[in-house]
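Below are the chains, spelled out letter by letter.
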Amino acid sequence: EDELMDWRTWVFDQLRTDAAILADVPEASIFGSGSLQGAPAVRPFILITFGTELAEINDAVAPVATSQRATIYAHDDPGDYLRIARILTNVRRRLAGSTAGMNNGGIIGLWEGDSADLGDDLFKTITRFGEYRFVGKVA
């Protein structure tokens, strides 16, 4: 039996193998939230954060399916938000919808919305983020 994959690994794999996303963001510029020690030199870049895993469907006391939230930030040099909007649209096309056949126990990726236009003083960038909830038994 193949090993089940966690959501963190699955999300990174999806983003790092999508030609439309890679047309704007190099694979090396897709980061997890704990991996940055300062502002990346290459723009744009993507930053991924994961929230709490929650029991979604229970059979007696054991979870049959869980959900985990993820926030995907797209950062770029100050200017317009057109490239950021395109990145977030491409991320949504890749992550939202059925995850069946991905060998991760996943059921579905739910897009919950994209943020307003924001600025990031730490990274000296403009940014927006998309929020997702992934449902499935993945562990």
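Up top you'll find the structure we're talking about.
Residues numbered from 1 in each chain as written. Predicted model: local features only at pLDDT ≥ 70, side-chain atom pairs only at ≥ 80, totals over all residues. Heavy atoms only, no water.

Here we come to the side chain of Asp-76. Positionally, Asp-76 belongs in strand β3 (residues 62-76). Of the polar contacts made by the side chain of Asp-76, one reaches the side chain of Arg-83; its length is 2.8 Å. (Helix = DSSP H or I, 4+ residues; strand = E, 2+ residues; numbered from the N terminus. Polar contact = N/O pair within 3.5 Å; in protein donor to acceptor, adjacent residues only side chain to side chain.)

The next subject is unusual backbone geometry. The amide bond that connects Arg-43 to the next residue, Pro-44, takes the cis arrangement and shows omega of -5 degrees. With respect to the element layout, Pro-44 can be found in the loop between β1 (30-32) and β2 (45-59). Despite not being glycine, Lys-124 shows a phi value in the positive range, around 60 degrees. Tracing the backbone shows Lys-124 in the loop between β6 (118-120) and β7 (125-136).

Here we come to the pattern of salt bridges. Within the structure shown, the criterion is met by 8 salt bridges. Arg-43 is the salt-bridge partner of Asp-77, the closest N and O atoms lying 3.0 Å from each other. With a gap of 34 residues between them, Asp-77 in the loop between β3 and α3 (82-95) and Arg-43 in the loop between β1 and β2 connect regions that are remote in the sequence. A salt bridge links Arg-92 to Asp-114, with the shortest nitrogen-to-oxygen separation between them at 3.6 Å. Of this pair, Arg-92 sits in helix α3 while Asp-114 sits in strand β5 (residues 106-114), and the two are 22 residues apart along the sequence. The class for Arg-92 is partly exposed, based on a relative accessible area of 22%. Three or more residues joined by partner-sharing salt bridges are found here, namely Arg-69, Glu-112 and Arg-133. (Salt bridge = Lys/Arg side-chain N within 4 Å of Asp/Glu carboxyl O. Buried < 20%, exposed > 50% of the residue type's maximum accessible area, 1.4 Å probe, protein only.)

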